[in-house]
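Architecture at a glance
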Number of protein chains: 4
Amino acid sequence: MYSTTSKNRAVLLLSCPEHPGIISAITNGLLHNKANIAHVDQHTTDPREGIFFFRVEFELEDYDHSFENLKRDLEIMGEEYSMNWRLSSYRKTSRMAVFVSKMDHCLMELIWRSKSGEIPVEIPMIISNHPDFKDEVEAYGIPYYHIPVTPETKDEAETKALQLLEGKVDFIALARYMQILSPEFVSHYENQIINIHHSFLPAFIGSNPYHKAFDRGVKLIGATAHYVTNDLDEGPIIQQDVKRVNHRYTADDLKIAGRHVEKSVLAQAVAWHVEDKVMVHGNKTIVFA
Amino acid sequence: MYSTTSKNRAVLLLSCPEHPGIISAITNGLLHNKANIAHVDQHTTDPREGIFFFRVEFELEDYDHSFENLKRDLEIMGEEYSMNWRLSSYRKTSRMAVFVSKMDHCLMELIWRSKSGEIPVEIPMIISNHPDFKDEVEAYGIPYYHIPVTPETKDEAETKALQLLEGKVDFIALARYMQILSPEFVSHYENQIINIHHSFLPAFIGSNPYHKAFDRGVKLIGATAHYVTNDLDEGPIIQQDVKRVNHRYTADDLKIAGRHVEKSVLAQAVAWHVEDKVMVHGNKTIVFA
Amino acid sequence: MYSTTSKNRAVLLLSCPEHPGIISAITNGLLHNKANIAHVDQHTTDPREGIFFFRVEFELEDYDHSFENLKRDLEIMGEEYSMNWRLSSYRKTSRMAVFVSKMDHCLMELIWRSKSGEIPVEIPMIISNHPDFKDEVEAYGIPYYHIPVTPETKDEAETKALQLLEGKVDFIALARYMQILSPEFVSHYENQIINIHHSFLPAFIGSNPYHKAFDRGVKLIGATAHYVTNDLDEGPIIQQDVKRVNHRYTADDLKIAGRHVEKSVLAQAVAWHVEDKVMVHGNKTIVFA
Amino acid sequence: MYSTTSKNRAVLLLSCPEHPGIISAITNGLLHNKANIAHVDQHTTDPREGIFFFRVEFELEDYDHSFENLKRDLEIMGEEYSMNWRLSSYRKTSRMAVFVSKMDHCLMELIWRSKSGEIPVEIPMIISNHPDFKDEVEAYGIPYYHIPVTPETKDEAETKALQLLEGKVDFIALARYMQILSPEFVSHYENQIINIHHSFLPAFIGSNPYHKAFDRGVKLIGATAHYVTNDLDEGPIIQQDVKRVNHRYTADDLKIAGRHVEKSVLAQAVAWHVEDKVMVHGNKTIVFA
């Protein structure tokens with residue numbers, strides 16, 4: 001799943017209302033364009049009248065010729081079946097901005113997985129409301145923009161960030177970024193902003209989840225990666241995981257132990273996102289993992 | 001931890017304010033009574049002025065003589081150090097009542113682990129607000145009491161249950177018992193009623209947690225065993241676990257998948273309780289697992 | 001995945017050499033028979049020249065008419081594409097024999113999940129080389145056949161078992177059955193005998209895996225469900241799981257802790273098998289879980 | 001467990017033959033030196049005639065005066081009870097050399113956890129048989145020694161490494177170091193060399209475990225951290241963990257997925273080692289986690 005390096009590989013991700021013969025129609029279109037199917041994933045909310053979700057990964061025998069042809073075919077088919085669809089090529093790498101505040105574990109994990117090629121993603125910039133990680137990030141050759149945020153300058157700061165991002169990135173990872181983005185900002189990147197929340201949502205919504213977890217005496221702590229919407233900590237969940245703890249953990253221990261869950265959950269969510277494996281449906285995700 | 005069959009084994013569980021030399025004092029007392037220590041577990045909330053928790057499992061060389069002697073020594077020491085303590089012997093098996101409503105998976109797991117000797121517990125009675133499992137339970141030779149509960153008869157029903165339990169059981173497991181017990185009832189079995197809640201608390205407090213989990217689109221479902229207090233689903237947590245789910249699970253699938261988590265979490269909590277491994281401190285537990 | 005009760009649902013499971021347009025061909029055939037597709041799962045060992053594996057679950061609008069028609073269409077298509085295929089209906093429940101020796105935890109788990117409807121399987125008989133669980137099993141209304149096995153009587157015992165099974169069961173679960181079946185016996189139920197091995201294979205092949213695990217000082221113990229072949233403990237693995245242990249566990253403790261892993265791993269493998277989710281390819285399985 | 005910053009804290013780790021009153025003797029000694037006990041962990045192989053293992057973490061009211069006094073008391077007690085013991089102070093940080101070959105994920109994880117203070121360890125040097133990570137490592141201010149190893153130069157290379165290490169490090173982590181160390185080398189660091197093996201030992205001993213795992217079709221892959229002895233992959237296991245995989249994983253995918261298990265298992269083992277939580281007994285470890 002990670003390791004394919006074929007440059008002729010592409011992915012089609014789509015959803016539409018259920019329709020008899022929809023899979024035949026799509027696979028016929030692929031066959032017509034000489035696509036050899038590698039993976040198919042499918043989901044439906046109801047086989048007769050629900051929503052149909054589909055992901056197909058394939059290799060094009062004659063990529064240069066077929067990719068654009070297939071796109072045109074999909075435009076026609078998309079109209080006919082009222083599809084939301086996206087055709088992506090392994091030849092084009094996703095571009096991710098990372099927003100960070102004062103903890104760098106998630107940031108470093110994303111940089112490391114990008115650099116090692118484990119996640120096929122480029123990081124054209126890091127944006128932070130603090131200057132702390134400037135040297136560390138620039139050592140990797142990644143531009144670091146320090147945009148301070150105060151209640152008074154928040155609008156201005158977001159405008160500046162949007163200008164920096166414009167045309168340079170496809171999506172954003174909030175790697176323990178402790179500012180709440182405005183609805184205006186979020187509207188520019190709908191389902192394209194992934195946040196890591198440091199609890200097993202919906203437990204411990206809001207701030208200081210590890211202190212709340214400590215006070216409640218839970219035996220597992222967790223982390224949740226979700227798309228950002230305008231409802232705090234309520235966006236569609238992409239991935240969650242937990243780690244066992246016990247009575248010996250102080251609130252600070254929980255924070256430290258939680259870091260490992262946070263960074264692996266966020267990195268997994270980012271990987272699925274760039275591999276076109278996540279679809280949003282209402283307030284939930286379909287993840288073709 | 002499970003398998004010792006020595007009849008000379010006993011367990012001392014205690015808590016008290018921290019005091020210099022407290023461990024020496026206890027272990028000297030044990031030495032004096034010819035106890036060979038097998039396991040020691042200890043916890044403190046603060047080494048200088050916190051609360052001290054201690055569990056020690058040992059074998060008495062001359063059980064018949066030493067057990068009562070040790071008890072007398074502990075009475076004196078308990079006064080001196082303001083201890084809460086409990087001395088238990090492997091010769092005496094705990095007695096548990098199980099309360100159940102209309103789902104039998106937790107009940108059956110408890111019966112099976114009792115019967116197989118895996119949990120050293122006797123089950124002198126099952127109490128249910130429904131008649132459904134009467135035959136199934138009586139086939140194991142366990143009395144089954146059907147005590148219907150309506151808003152009008154709730155007091156009466158609890159009184160009847162208390163009479164049945166009186167002197168017959170040491171603690172109660174609520175194995176998916178869907179009635180809320182009154183403060184009056186709970187006061188008779190403080191920290192002696194273990195409930196299984198079918199969610200990863202504090203997520204999805206209250207009724208229908210699987211439907212709530214389905215609606216929220218979580219990627220893990222869980223279960224929580226806790227002591228019952230007068231705050232619904234807020235009692236000290238003993239054990240929690242989770243299971244990974246995905247977009248293919250319907251709300252009904254979540255319920256079915258959750259059963260396995262529920263029954264293993266409850267059984268684990270019951271095992272620790274009867275092995276004297278759980279101490280309550282405020283709204284949390286120390287579990288010497 | 002577990003909870004659908006539609007009586008119009010059927011499953012097609014197939015494998016064949018890769019062929020351009022194979023998915024179109026199959027889904028066209030389903031469309032032609034008015035099948036509404038609920039789930040598709042697919043795998044290929046190589047998109048151009050590998051082996052293609054496919055599972056599709058669907059609802060037939062006019063079941064009585066379409067099921068047999070579809071079967072005829074598949075016979076033709078199966079010839080054309082050199083398919084191995086199996087068409088199963090939710091109207092027909094699988095029948096499983098359980099073989100057991102002297103530990104009943106796996107047996108009881110299978111009976112419980114069958115009885116509760118969680119696994120859609122009937123258990124027409126239990127066969128054991130010991131008489132121990134006769135009463136327990138017969139209380140559930142299941143015939144129990146005690147067939148003792150000694151080196152001298154092994155052939156005879158297997159012949160007797162085969163006669164009992166003939167036409168009565170579709171597959172066999174070895175629920176801690178401690179006899180090795182002969183190649184002759186296995187040949188009657190190729191890829192239809194599921195064994196639970198009490199270790200994380202390929203660690204601790206052969207007898208006494210818990211003692212070996214104890215001696216090696218592992219920090220996790222496991223269990224493995226696999227199809228039985230003529231190479232001991234070498235058959236295609238269906239499912240595995242592990243449980244964390246520590247230095248306090250004696251060899252006996254490992255056995256007890258391992259029971260829970262064994263029973264859940266075996267039950268999961270049996271569920272996938274009866275839901276037609278497992279395909280064997282060489283010495284491995286494709287599991288469309 | 002991680003977060004304590006008290007400079008008055010110390011740890012005593014010891015083992016000796018069981019002896020009545022041994023815990024009293026030790027805790028009396030601590031009391032006498034005004035030590036407030038924070039954590040006690042204990043294990044015995046047999047309460048009457050086995051080996052006794054003990055770890056106690058405490059705060060000294062008057063550190064400067066008490067630490068050396070306590071040491072002297074322990075020397076006397078150690079003689080009396082034939083103890084192996086080690087008294088460590090939070091004031092002194094362990095020093096670890098990391099050996100690496102051509103994969104840097106484990107190395108980077110160790111550097112990151114050291115640098116962030118999560119593991120209280122210094123890294124005075126990295127030694128590699130390849131030059132690849134020189135720049136990356138030196139950017140963190142850590143000396144990087146490239147010592148090539150060929151069959152002809154192996155002795156010489158080990159001699160050179162021993163000279164570099166002499167007096168500079170307390171223990172060694174082999175972070176995917178693909179050379180086998182000689183018995184002579186190992187004898188200098190008995191139970192002080194931690195290796196990460198990229199499989200769930202004892203499954204897949206030796207080279208290429210991921211290919212072997214792929215060929216066997218396992219459903220979980222794992223990693224094992226162990227002390228190095230002269231029997232390849234047979235040393236005392238400190239920690240193990242696994243990750244679920246499926247039929248879609250190629251051998252290369254297994255390698256990539258395995259990295260995350262490897263790095264977290266090795267980092268955990270290193271953390272326990274520097275926190276004086278691991279004791280070796282024969283070919284096993286007692287881990288007071």
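If you're wondering where the values come from, they're calculated on a predicted model, not measured in any experiment.

**Here we look at the UniProt feature "active site" (unreviewed entry) in chain A**
- Per the UniProt record, "active site" (unreviewed entry) is annotated on Asp233 of chain A.
- In this structure, Asp233 of chain A sits in the loop between β10 (220–227) and β11 (237–244).
- A residue is classified by how much of its surface remains accessible, and Asp233 of chain A, at 6% relative accessible area, is buried.
- Beyond its immediate chain neighbours, meaning those up to four positions away, Asp233 of chain A contacts His197, Leu201, Ile205, Gly206 and His226 of chain A together with Arg216 of chain B.
- Polar side-chain contacts of Asp233 of chain A include one of 2.8 Å to the backbone nitrogen of Gly206 of chain A.

**Considering the pairing of strand β2 (residues 35–44) of chain C**
Residue and element names in this part refer to chain C.
- Burial analysis of β2 places 10 of its 10 residues in the buried class, which makes it a mostly covered element.
- Where β2 meets strand β3 (residues 51–60), 9 bridges bridge the pair, whose relative direction is antiparallel. Pairing of His43 across the sheet is with Phe53, part of β3.

**Observations regarding the packing of helix α8 (residues 251–274) of chain A against helix α3 (residues 105–115) of chain D**
- Axis separation between α8 of chain A and α3 of chain D bottoms out at 13 Å; the angle between their running directions is 135°. Judged on the interaxial angle alone, α3 of chain D and α8 of chain A are oblique. In the crossing of α8 of chain A with α3 of chain D, the sense of the turn from one axis to the other is right-handed. Contact residues: α8 of chain A offers Arg259, His260 and Lys263 of chain A, while α3 of chain D offers Glu109, Trp112 and Arg113 of chain D.
- The class makeup of the residues in the contact of α8 of chain A with α3 of chain D is 1 nonpolar, 1 polar and 4 charged.

**A word on the relation of the copies chain A and chain D**
- For the match of chain A to chain D, the screw axis carries a shift of 0.0 Å, the RMSD comes to 0.0 Å, and the turn is 180°. What we have between these two chains is a two-fold relation. Residue Ala139 of chain A, judged by its C-alpha, is the member of chain A lying nearest the rotation axis, at 4.1 Å.
- Counting the interface residues of chain A, we find that 100% of their copies in chain D are interface residues as well, pointing to one common contact surface.

**With respect to the relation of the copies chain B and chain A**
- Superposition of chain B onto chain A requires a rotation of 180° combined with a translation of 0.0 Å along the rotation axis, giving an RMSD of 0.0 Å.
- Interface residue correspondence from chain B to chain A reaches 100%, placing this contact among same-surface, isologous pairings.

**Topic: the interface of chain A and chain D**
- The interface is formed by 27 residues belonging to chain A together with 27 residues belonging to chain D.
- Summed over both sides, the interface of chain A with chain D buries roughly 2,500 Å², with 47% coming from carbon and sulfur.
- Our enumeration of links across chain A and chain D arrives at 8 salt bridges.
- At the boundary of chain A and chain D, one finds 13 residue pairs in polar contact (both at pLDDT 80 or more).
- Within the residue set of the side of chain A that touches chain D, elements represented by two or more residues are β2 (35–44), α3 (105–115) and α8 of chain A.
- No other element matches the 7 residues that α8 of chain A contributes to the side of chain A that touches chain D.
- Of the residues that constitute the side of chain A that touches chain D, the class distribution is 9 nonpolar, 6 polar and 12 charged.

**Some details on the side chain of His226 of chain A**
- Mapped onto the secondary structure, His226 of chain A falls in strand β10.
- If we skip the residues at most four places from it in the chain, His226 of chain A touches Ile193, Ile194, Asn195, His197, Leu201, Asp233, Gly235, Pro236, Ile237 and Ile238 of chain A.

**Observations regarding the UniProt feature "domain: ACT" (unreviewed entry) in chain A**
- When the UniProt feature table is mapped onto this chain, "domain: ACT" (unreviewed entry) is found at residues 11–88 of chain A.
- As annotated, residues 11–88 of chain A has a helix share of 38% and a strand share of 41%, and its two end C-alpha atoms lie 5 Å apart.

**What to know about the side chain of Thr224 of chain A**
All names here are of chain A.
- Take Thr224: it is sitting in strand β10.
- Within the local environment of Thr224, its side chain forms a polar contact with the backbone oxygen of Ser199, the two atoms lying 2.7 Å apart.
- Once residues lying within four places of it in the same chain are set aside, the contact partners of Thr224 are Asn195, Ile196, His197, Ser199, Phe200, Leu201, Ile237, Gln239, Gln240 and Val265.

**Topic: the environment of Leu30 of chain B**
Residue and element names in this part refer to chain B.
- Within the secondary structure layout, Leu30 lies in helix α1 (residues 22–32).
- Placed 36 residues apart in sequence, Leu30 and Ser66 show a C-alpha to C-alpha distance of 9.5 Å.
- Those residues in contact with Leu30, other than ones at most four positions away along the chain, are Ala35, Ile37, Val56, Phe58 and Leu70.

**Points about unusual backbone geometry**
- Note that the residue after Leu201 of chain A, namely Pro202 of chain A, is joined by a cis bond; omega there is 5°.
- Its location among the elements puts Pro202 of chain A in the loop between β9 (193–197) and α7 (209–216).
- A positive phi angle, close to 55°, is found at Ser82 of chain B, a residue other than glycine.
- Along the chain, Ser82 of chain B turns up in the loop between α2 (63–81) and β4 (84–89).
- In this structure Ser82 of chain B comes out as partly exposed when scored by relative accessible area, which is 49%.
- One non-glycine residue with positive phi stands out, namely Phe204 of chain D, at about 60°.
- By the secondary structure assignment, Phe204 of chain D is in the loop between β9 (193–197) and α7 (209–216).

Basis of the calculations
- Residues numbered from 1 in each chain as written.
- Chains lettered and ligands numbered in written order.
- Predicted model: local features only at pLDDT ≥ 70, side-chain atom pairs only at ≥ 80, totals over all residues.
- Heavy atoms only, no water.
- UniProt positions renumbered as here; feature names shortened; annotations may be inferred.
- Helix = DSSP H or I, 4+ residues; strand = E, 2+ residues; numbered from the N terminus.
- Buried < 20%, exposed > 50% of the residue type's maximum accessible area, 1.4 Å probe, protein only.
- Contact = heavy atoms within 4.5 Å.
- Polar contact = N/O pair within 3.5 Å; in protein donor to acceptor, adjacent residues only side chain to side chain.
- Pairing = 2+ DSSP bridges.
- Axes fitted to C-alpha atoms, helices over the stretch in contact; angles between N-to-C directions.
- Parallel < 35°, antiparallel > 145°, perpendicular 65-115°, else oblique.
- Left-handed = near helix turned anticlockwise from the far one by under 90°.
- Nonpolar A, V, L, I, M, F, W, Y, C, P; charged D, E, K, R; others polar.
- Least-squares fit on C-alpha atoms with pLDDT ≥ 70 in both.
- Buried area = accessible area lost by both parts, 1.4 Å probe.
- Salt bridge = Lys/Arg side-chain N within 4 Å of Asp/Glu carboxyl O.

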